[in-house]
Amino acid sequence: IDRSIENELVWTCQRHGIGIIPWGPLGTGILSGKYRKDQRPPAGSRFEEVGGRLTPAAIDVADQIGALAKEKGVATAELSLAWVLRQPGVTAPIIGVRTMEHLACALESLEIKLTDADHQHINRVIAPGAAVSDYYDVNVFRRLRERTGLNIS
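Below you will find a few notes about this structure.

Rules used in this analysis
Residues numbered from 1 in each chain as written. Predicted model: local features only at pLDDT ≥ 70, side-chain atom pairs only at ≥ 80, totals over all residues. Heavy atoms only, no water. Helix = DSSP H or I, 4+ residues; strand = E, 2+ residues; numbered from the N terminus. Buried < 20%, exposed > 50% of the residue type's maximum accessible area, 1.4 Å probe, protein only. Contact = heavy atoms within 4.5 Å. Salt bridge = Lys/Arg side-chain N within 4 Å of Asp/Glu carboxyl O. Axes fitted to C-alpha atoms, helices over the stretch in contact; angles between N-to-C directions. Parallel < 35°, antiparallel > 145°, perpendicular 65-115°, else oblique. Left-handed = near helix turned anticlockwise from the far one by under 90°. Nonpolar A, V, L, I, M, F, W, Y, C, P; charged D, E, K, R; others polar. Patch = residues over 30% accessible without salt bridge, like charges linked within 9 Å, V, L, I, M, F, W, Y side chains within 5 Å. Areas by Shrake-Rupley, 256 points an atom, 1.4 Å probe, with all protein chains shown as cover.

Here's the deal with the overall build of the protein
Okay, step 1: Of regular secondary structure, the protein possesses six helices and zero strands.
Okay, step 2: When the helices and strands of the protein are placed in sequence order, the string is α-α-α-α-α-α.
Okay, step 3: The buried share of the protein, reckoned over its 153 residues, is 35%.
Okay, step 4: Contacts spanning at least 24 positions in sequence make up 69% of the contacts within the protein whose residues lie at least 6 apart.

Shown next as structure tokens:
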């Protein structure tokens, strides 16, 4: 959903021997497969409506990753976690499990084998360095604006 760290941060961390621990590897639930195009988010989900991180483009990416996951016989979240875990420089993703089901999914991701073709497919779905949701504004700059009153963007 947001691969923008690949533009500079991954290379810099690798160059200096710093491990990467990605926060929100499932795009705050977008890569769980529960959000659908032209449908309101499920009741009680973190997104009351499409906006911020949950963009139509992010849902498109999740749908395409979900199709690949289905071909492999795994859940969208499992494939997504497996992919993140196998990225250069990544030490471990912060999985943020809240249920035993989430934990089981995270553990299953360790067993998934990704081929070069799988990586190429994912790179076509969302290119290295690209982002299809507004992570920084929603999660960083908005909070700074609220706390400081400054017009930060």
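Back to the text.
Remarks on the pattern of salt bridges
Okay, step 1: Following the criterion strictly, the structure yields four salt bridges and no others.
Okay, step 2: Between Arg 3 and Glu 6 there is a salt bridge, with its nearest N and O atoms 2.5 Å apart.
Okay, step 3: Taking relative accessible area as the criterion, Glu 6 reaches 26% and is therefore assigned partly exposed.
Okay, step 4: For Lys 37, the salt bridge identified is with Asp 60, shortest N-O distance 2.4 Å. With a gap of 23 residues between them, Lys 37 in the loop between helix 1 (9-15) and helix 2 (56-72) and Asp 60 in helix 2 connect regions that are remote in the sequence.

With respect to the packing of helix 3 (residues 76-85) against helix 4 (residues 100-109)
Okay, step 1: Where helix 3 contacts helix 4, the two axes come as close as 8 Å, and the packing angle between them is 50°. As far as their axial angle goes, helix 4 and helix 3 are oblique. The handedness of the crossing between helix 3 and helix 4 comes out as right-handed. Contact residues: helix 3 offers Ala 77, Glu 78, Leu 81 and Ala 82, while helix 4 offers Cys 105, Ala 106, Glu 108 and Ser 109.
Okay, step 2: Classifying every residue of the contact of helix 3 with helix 4 by side-chain character gives five nonpolar, one polar and two charged.

Focus: a nonpolar patch on the surface
Okay, step 1: Together, Ile 21, Trp 23 and Ile 94 give the surface a local cluster of nonpolar side chains, amounting to about 320 Å² of exposed area.
Okay, step 2: Mapped onto the elements, Ile 94 comes out in the loop between helix 3 and helix 4.

Some words on unusual backbone geometry
Okay, step 1: With a phi angle near 50°, Thr 28 is a residue other than glycine that sits in the positive phi range.
Okay, step 2: Overall, the relative accessible area of 11% leaves Thr 28 in the buried class.

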